[in-house]
Amino acid sequence: MPTSFLGSALRGTFFILFGLWWSVRYPLGYLRRKGNAESQPGHGTQRVEAFEGAVKALFALAGILVEQFTPAGPHLQLHSPEARGWADLTRWHYTTIYLFFLLSGIVDVVSHSRLKLPLGLDRLSLSVALLIEGLLFCFCDYSNAALDHHLYSLLAMAIFAGALCALLEVFIRDHIILETFRTSSFLLQGSWLWQIGFVLSPPWGGPGWDQTNSSNFKFLTMCFCWHYAGALAVLAANAAASRCCNESCQLRFGDVDVELDCGMCIRKGKKSSGGALLPESPSDDK
């Protein structure tokens, strides 16, 4: 399957950005829930989920437009009469992937709006989008490019791992282990897409790696493991930074909850403090 470095890098950046964001957001949310066992998802959390969905939908829509309407794109033409065959199925391949992530983003926004769709529908749509992505990469025509097939098979492992986590989150909501594993799968997928770009279409020009050298297969398999180790290291570092941030906010604000609202810590008073604001009853004056 033809691969350009720029396209692979941009797709990888999308997953890395989401992974980095989640690696900070989810530990902070876990610490907030741990500090107050009775806390429920507030309006701030819903705004963050809707914001994530909007960003996801915009990225996916931009990807569809780029794949279809660049000068070399098929311009929504699936069959070419001139060539008497399909019109650039590689671009349609990525358009289909972007389409399901676009739907996932729209479901995220609607799920956390006033329509109040069933809880878990946002995670289900994300799982479906990842399953479609993995399916398309698994059954793509790699011809005699064995190294391409090996690279995308490793990528499919990260994709299906994220899809499984998202599917489990439909039934087990706000579980820090599942959230962490899904975050690590996104970081791994993003960094591996960058690796695919460097291997198959180096940015400095020239041919890609040798498709027949068995040593390349062994090295890239090890390299995939190193990528995951790097993702875990990023998760650990951001979780530690989140804990320090949470403790700093608690020391600064005192006896208040800390909630992540679009990347900022905001003050949220305890429910018990509401009683102090009530006026005294007339019976107290007698």
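It should be noted that the structure appears before, not after, this text.
These lines cover the structure that appears in this document, whether it is placed above or below. (Residues numbered from 1 in each chain as written. Predicted model: local features only at pLDDT ≥ 70, side-chain atom pairs only at ≥ 80, totals over all residues. Heavy atoms only, no water.)

Concerning the overall build of the chain
Check the secondary structure of the chain and you find seven helices and four strands. Reading the helices (α) and strands (β) of the chain from amino to carboxyl end gives α-α-β-β-α-α-α-α-α-β-β. For the chain, the proportion of its 286 residues judged to be buried stands at 43%. (Helix = DSSP H or I, 4+ residues; strand = E, 2+ residues; numbered from the N terminus. Buried < 20%, exposed > 50% of the residue type's maximum accessible area, 1.4 Å probe, protein only.)

Looking at the nonpolar core
Counting 39 residues, the largest nonpolar core has Phe101, Phe137, Leu151, Tyr152, Leu155, Trp192 and Ile196 as the members making the most contacts within it. Sorting the residues of this core by element identifies α1 (5-35), α2 (43-69), α3 (89-111), α4 (121-138), α5 (146-171), α6 (176-200) and α7 (214-253) as the ones contributing at least two each. With nine residues, the top contributor of residues to this core is α5. With residues near it in sequence (within four places) discarded, Trp192 still touches Leu151, Leu154, Leu155, Leu220, Cys223, Phe224 and His227. (Core = buried A, V, L, I, M, F, W, Y, C linked by side-chain atoms within 4.5 Å. Contact = heavy atoms within 4.5 Å.)

Quick look at the packing of α5 against α6
Interaxial distance between α5 and α6 falls to 9 Å at its minimum, and their mutual angle equals 160°. One element, α5, and the other, α6, form an angle in the roughly antiparallel class. Along this stretch, α5 crosses α6, giving a crossing that reads as left-handed. Its residues assigned to classes, the contact of α5 with α6 shows 19 nonpolar, three polar and four charged. (Axes fitted to C-alpha atoms, helices over the stretch in contact; angles between N-to-C directions. Parallel < 35°, antiparallel > 145°, perpendicular 65-115°, else oblique. Left-handed = near helix turned anticlockwise from the far one by under 90°. Nonpolar A, V, L, I, M, F, W, Y, C, P; charged D, E, K, R; others polar.)

Regarding unusual backbone geometry
A negative phi holds for most residues other than glycine; trans holds for most peptide bonds. Even without being a glycine, His75 presents a positive backbone phi close to 55°. One non-glycine residue, Leu76, lies in the positive phi region at around 65°. Judged by its relative accessible area of 54%, Leu76 falls in the exposed class.

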